[in-house]
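Letter by letter, the chains look like this.
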Amino acid sequence: MARYIITYDLRKPGRNYDELYKRIKSYRSWAHITESSWAVATTQTSGQVRDHLKGAMDRNDKLLVGILGTSAWFGLPEKIGQWLKDNA
């Protein structure tokens, strides 16, 4: 199973994040790391994750889906740190 970091910028003022969050949370395992970054564990490729998420985005939004590897962090809630440890 692959672990991906997802980061994005929704550029439209007053943008509704509900559909994007719904799509991210559809993955079996996920963590909301910071305001605009998440991590997911899935059998999909990074391109498949991108394609799934971009359906909830506008043409001028930005999205990156990358492999999550060895990580170090500061200031994250314990629950998020545990997810990262468990899914390293």
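Shown above is the structure to which this text applies.
Reading the values: the criteria
- Residues numbered from 1 in each chain as written.
- Predicted model: local features only at pLDDT ≥ 70, side-chain atom pairs only at ≥ 80, totals over all residues.
- Heavy atoms only, no water.
- Helix = DSSP H or I, 4+ residues; strand = E, 2+ residues; numbered from the N terminus.
- Rg over C-alpha atoms; globule rule 2.2 N^0.38 Å.
- Contact = heavy atoms within 4.5 Å.
- Areas by Shrake-Rupley, 256 points an atom, 1.4 Å probe, with all protein chains shown as cover.
- Lys, Arg positive; Asp, Glu negative; His and termini not counted.
- Charge placed at Lys NZ, Arg CZ, Asp CG, Glu CD.
- Salt bridge = Lys/Arg side-chain N within 4 Å of Asp/Glu carboxyl O.
- Buried < 20%, exposed > 50% of the residue type's maximum accessible area, 1.4 Å probe, protein only.
- Phe/Tyr/Trp six-rings, centres within 6.5 Å; stacked < 30°, edge-to-face > 60°.

### So, the overall build of the protein chain
A count of helices and strands for the protein chain gives three helices and four strands. Ordered by position in the sequence, the α and β elements of the protein chain form the string β-α-β-β-α-β-α. For 88 residues, the compact-globule formula gives about 12 Å, and the C-alpha radius of gyration of the protein chain, at 13 Å, lands near that figure. When the backbone C-alpha atoms are referred to their principal axes, the protein chain occupies close to 35 × 30 × 20 Å. Put simply, 68% of the contacts in the protein chain that link residues at least 6 apart link residues at least 24 apart. Summing over all exposed atoms, the protein chain offers an accessible surface of approximately 5800 Å²; the carbon and sulfur share of this is 49%. Counting 14 positive and 9 negative side-chain charges, the protein chain places the centres of these two groups 4 Å from one another.

### Overview of the pattern of salt bridges
In total, this model carries three salt bridges according to the counting rule given. Here arginine 50 ties to aspartate 51 by a salt bridge, and the two come within 2.9 Å at their closest N and O atoms. We classify arginine 50 as partly exposed; its relative accessible area is 39%. A salt bridge links aspartate 51 to lysine 54, with the shortest nitrogen-to-oxygen separation between them at 3.7 Å. With aspartate 51 and lysine 54 both in helix 2 (residues 46-54) and three residues apart, the pair spans about one turn of that helix. Lysine 54 sits in the partly exposed class, given a relative accessible area of 47%. If you follow the salt bridges from partner to partner, you end up with Arg50, Asp51 and Lys54 in one network.

### Details of the packing of aromatic side chains
Each aromatic ring pair is specified by the distance between its two centres and by the angle formed by the two planes. Counted under the stated rule, the structure contains four aromatic pairs. Where tyrosine 21 meets tryptophan 38, the ring centres are 5.2 Å apart and the plane angle is 50°; that geometry is what we call tilted. Of this pair, tyrosine 21 sits in helix 1 (residues 18-25) while tryptophan 38 sits in strand 3 (residues 37-42), and the two are 17 residues apart along the sequence. We classify tyrosine 21 as partly exposed; its relative accessible area is 22%. Judged by relative accessible area, tryptophan 38 falls into the buried class, the value being 1%.

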